Amino acid sequence: MIFDRLSTYDKHKVFKNMLAPYTAVLIAQYFSLGYQYSAATICILSLESTRKASLRSSFERVLAASFGLILSATTIKIFQFNPISLVVFTAIFMPLCIRFNLMQGFFTNIVLATHFLLNKDVSVMFVFDQYLLLLVGVICAIIFNLYMPSQNNEIISQLENIDSIMKDIIFDFAKALKYKAISLKQDELFEELKVNLDECKELVEMEKDNSLFFKKVDISKNYSLKFSEYLILLKIRECFNKISTDISITLELAGILKDLATLTSNNYTYNILLKRITRSEEKFKSEIDKKNLNIENKATYFLLMEYIKELIKLRIKNIF
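Before going into details, it helps to say that this report is about the structure given with it. (Residues numbered from 1 in each chain as written. Predicted model: local features only at pLDDT ≥ 70, side-chain atom pairs only at ≥ 80, totals over all residues. Heavy atoms only, no water.)

### Points about the packing of helix α7 (residues 152–179) against helix α10 (residues 248–262)
The description of two helices packed together rests on the angle between their axes and the distance between the axes. This is how it is decided: For helices, the fitted line uses only the C-alpha atoms of the stretch in contact; every axis is such a line through C-alpha atoms, and the angle between N-to-C directions lies from 0 to 180 degrees. Numbering of helices and strands runs from the N terminus, with a helix taken as a DSSP run of H or I at least four residues long and a strand as a DSSP run of E at least two residues long. Here the word oblique covers every angle except those under 35 degrees (roughly parallel), over 145 (roughly antiparallel) and from 65 to 115 (roughly perpendicular). Helix crossings get a hand from a simple test, with the near helix turned counterclockwise from the far one by less than a right angle marking a left-handed crossing and a clockwise turn marking a right-handed one. Two residues form a contact once any of their heavy atoms are found within 4.5 Å. Put simply, Ala, Val, Leu, Ile, Met, Phe, Trp, Tyr, Cys and Pro go in the nonpolar bin, Asp, Glu, Lys and Arg in the charged bin, and everything else, Gly too, in the polar bin.
Contact pair α7 / α10: the axes reach a minimum separation of 8 Å and the direction vectors enclose 160 degrees. Judged on the interaxial angle alone, α10 and α7 are roughly antiparallel. Two packed elements cross with a definite hand, and for α7 against α10 that hand is left-handed. Along its contact with α7, which presents K167, I170, F171, F173, A174, L177 and K178, the element α10 presents T250, L251, L253, A254, L257, K258, L260, A261 and T262. When the residues that make up the contact of α7 with α10 are grouped by side-chain class, the tally is eleven nonpolar, two polar and three charged.

Here it is in structure tokens:
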């Protein structure tokens, strides 16, 4: 079945959009409000992908309705329940909503304004009745949005996938240095990495937006570190077009990159790699005058070593 293929979050979204509007209609019927099924429409409009987004949209609707209902009732009364009143109401109310960033409330108020035309009633009691209808819809949406499935497992899985792609890229760098040839699949790996980073960022932002009163385990730091690693990998990649592969340090750097990609990731391993690259850097400094390298080539080697050190240090931060 299609439903079985949905993620936990999407399944929750389906159930929420089934039950929340139904509950809103039942409450509207209990209080004998006019146009009770509009409570379902308002509720669905107020259901957002995160708790904070739902609260924001609900607040906008209530705030806009506090003024919009009175304005629409007044406009309709002046034009004697003529549809032209909606045009006038829109001309006045929409610019205000745009100016004060309350467009979520504009669409809801248009729905409620049509009730005045249909019922041909703009009395204080009917206006209050429609305000209650709005409150029923948004409150039901807020309550049903209080429970949101955690995205932590999906984020952790995405981070593991990102780490795997990065290891492939680093191993590919090592082979490129050793065999003096850049792999054809490097572009494909970087594209795949960027897609995964974007997807992970979306999940992280959603998880942060679902944290209201209780602080959850913050794994956004892990994503930030991985994105920083991605930027360093891009810099390392740029170095490959400017360096010579005919000197001994090239093979040393290849060995360090290979170990970075293949060895068990722990603090001890990373510190050993830092010491190795520091020794390589000192060796290169002492032999630099003997190498037949131009200034750009020398600078590129130093940059490459510095980028590799930065990458290792980021890996150490990720452990803690």
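There is more to say after this.
### Here's the deal with the nonpolar core
Put simply, the test is: The definition of a nonpolar core used throughout is a set of buried Ala, Val, Leu, Ile, Met, Phe, Trp, Tyr and Cys residues joined through side-chain atoms within 4.5 Å. Residue burial is assigned from relative accessible area. The probe radius is 1.4 Å, only protein chains are included, and a residue is buried under 20% of its type maximum, exposed over 50%, and partly exposed in between.
Among the nonpolar cores identified, the biggest contains 50 residues, and L193, L233, I236, L253 and I308 are the most heavily contacted of them. Counting residues per element, this core draws most heavily on α7, at eleven residues. Once residues lying within four places of it in the same chain are set aside, the contact partners of I236 are F173, L304, Y307, I308 and L311. Counting residues in hydrophobic clusters, the runner-up holds 24 residues, among them A20, A65, V136 and A141.

### A word on the side chain of D172
Definition in use: His is not counted here, nor are the chain ends, while Lys and Arg score as positive and Asp and Glu score as negative. What counts as a salt bridge is simple: a side-chain nitrogen of Lys or Arg found within 4 Å of a carboxyl oxygen of Asp or Glu.
Following the sequence through the fold, D172 ends up in helix α7. For the buried D172, no salt bridge exists, and the shortest N-O distance to an oppositely charged side chain is 4.5 Å, to K175.

### A look at the packing of aromatic side chains
Heads up, the rule is: The aromatic pairing rule takes the rings of Phe, Tyr and Trp, using the six-membered ring of Trp, and pairs them if the centres are within 6.5 Å, calling planes under 30 degrees apart stacked, those over 60 edge-to-face and the rest tilted. Placement of a positive charge over a ring is assigned whenever Lys NZ or Arg CZ falls within 6 Å of the ring centre and within 35 degrees of the normal to the ring plane.
This model, assessed by the stated rule, comprises twelve aromatic pairs. When the ring of F106 is compared with that of F107, the centres are 5.5 Å apart and the planes differ by 70 degrees; the resulting orientation is edge-to-face. A relative accessible area of 6% places F106 in the buried class. Ring geometry for F284 against F302: centres 5.2 Å apart, planes inclined by 65 degrees, an arrangement best described as edge-to-face. One end of the pair, F284, is in helix α11 (residues 267–287); the other, F302, is in helix α12 (residues 295–319), with 18 residues separating them in the sequence. A connected cluster of aromatic rings, assembled from ring pairs, spans F67, F89, F93, F106 and F107. Against the face of F100 rests R99, its NZ or CZ located 5.2 Å from the ring centre.

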